Amino acid sequence: MSVLQEFKSFAMKGNVVDLAVGVIIGAAFGKIVTSIVEDVVMPLVGSLLGGVNFSTLAVTVGSATLKYGKFLQSCLDFLIIAWAIFVAVKLINRLRREEPAPAPAAPPRQEVLLGEIRDLLKHR
């Protein structure tokens, strides 16, 4: 088998294609969540905290500027993304949950009697 055929076989396996689709959808979902965090959640949080803009929070130590506001923003983004993924997975698992199989019905009385007669004949 040539290297090209081997690569084609590898690249077209179901798992690789599923992974590629997952990565692409994950990137798109990440953009949506980032927009929600930056454009909706953070302005609300900032207004609740008296107009604080996290991205501009910084402290200067000597000649270095520590932009801890961007770090706080990234941490909050992570928490919101993790929560959104948790809720999505929980919802998907709830939708996937299968109903338990119904209990098998009791056999008809005739079958029960025939089983008892069979057992009596075995003991003789």
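So, here is what we can say about the structure in this document. Predicted, not measured: the structure shown is a model, and the values here were computed from it. (Residues numbered from 1 in each chain as written. Predicted model: local features only at pLDDT ≥ 70, side-chain atom pairs only at ≥ 80, totals over all residues. Heavy atoms only, no water.)

Another aspect to go through is the overall build of the protein. Secondary structure summary: the protein contains four helices and two strands in total. Seen in sequence order, the protein has helices and strands lined up from the N terminus as α-α-β-β-α-α. For the protein, the C-alpha radius of gyration of 31 Å lies well beyond 14 Å, the compact-globule estimate for 124 residues. By its C-alpha atoms, the protein is 100 × 55 × 25 Å across when sized along the principal axes. When each of the 124 residues of the protein is scored for burial, the buried share is 7%. Taking all contacts inside the protein whose residues are at least 6 apart in sequence as the whole, residues at least 24 apart take part in 31%. About 10900 Å² of surface is accessible on the protein, with carbon and sulfur atoms providing 68% of the total. Taken together, the 13 basic and 10 acidic charged side chains of the protein have centroids lying 2 Å from each other. (Helix = DSSP H or I, 4+ residues; strand = E, 2+ residues; numbered from the N terminus. Rg over C-alpha atoms; globule rule 2.2 N^0.38 Å. Buried < 20%, exposed > 50% of the residue type's maximum accessible area, 1.4 Å probe, protein only. Contact = heavy atoms within 4.5 Å. Areas by Shrake-Rupley, 256 points an atom, 1.4 Å probe, with all protein chains shown as cover. Lys, Arg positive; Asp, Glu negative; His and termini not counted. Charge placed at Lys NZ, Arg CZ, Asp CG, Glu CD.)

This next bit is on a nonpolar patch on the surface. Judged by side-chain polarity, V59, V61, L66, Y68, F71 and L72 come together as a nonpolar surface patch covering roughly 550 Å² of accessible area. Every element with two or more residues in the nonpolar patch is listed here: β1 (59–61) and α3 (68–96). Counting residues per element, the nonpolar patch draws most heavily on α3, at three residues. Residue V59 is classed as partly exposed on the basis of its relative accessible area, which comes to 39%. (Patch = residues over 30% accessible without salt bridge, like charges linked within 9 Å, V, L, I, M, F, W, Y side chains within 5 Å. Salt bridge = Lys/Arg side-chain N within 4 Å of Asp/Glu carboxyl O.)

Following the sequence through the fold, S2 ends up in the segment before α1 (3–11). For S2, a relative accessible area of 37% translates into the label partly exposed. A distance of 3.2 Å separates a polar atom in the side chain of S2 from the backbone nitrogen of Q5. (Polar contact = N/O pair within 3.5 Å; in protein donor to acceptor, adjacent residues only side chain to side chain.)

Pairing between side chains of opposite charge can happen when the charged atoms of each approach one another. Overall, the coordinates contain one salt bridge when judged by the stated rule. Between D119 and R118 there is a salt bridge whose closest N-O contact spans 3.3 Å. Assessed through its relative accessible area of 33%, D119 is described here as partly exposed.

With that settled, the discussion passes to α3. The end-to-end C-alpha distance of α3, which contains 29 residues, comes to 42 Å, matching closely the 42 Å that a straight helix rising 1.5 Å per residue would cover. For α3, the complete set of buried residues consists of G69, Q73 and D77. (Expected span 1.5 Å × (residues − 1).)

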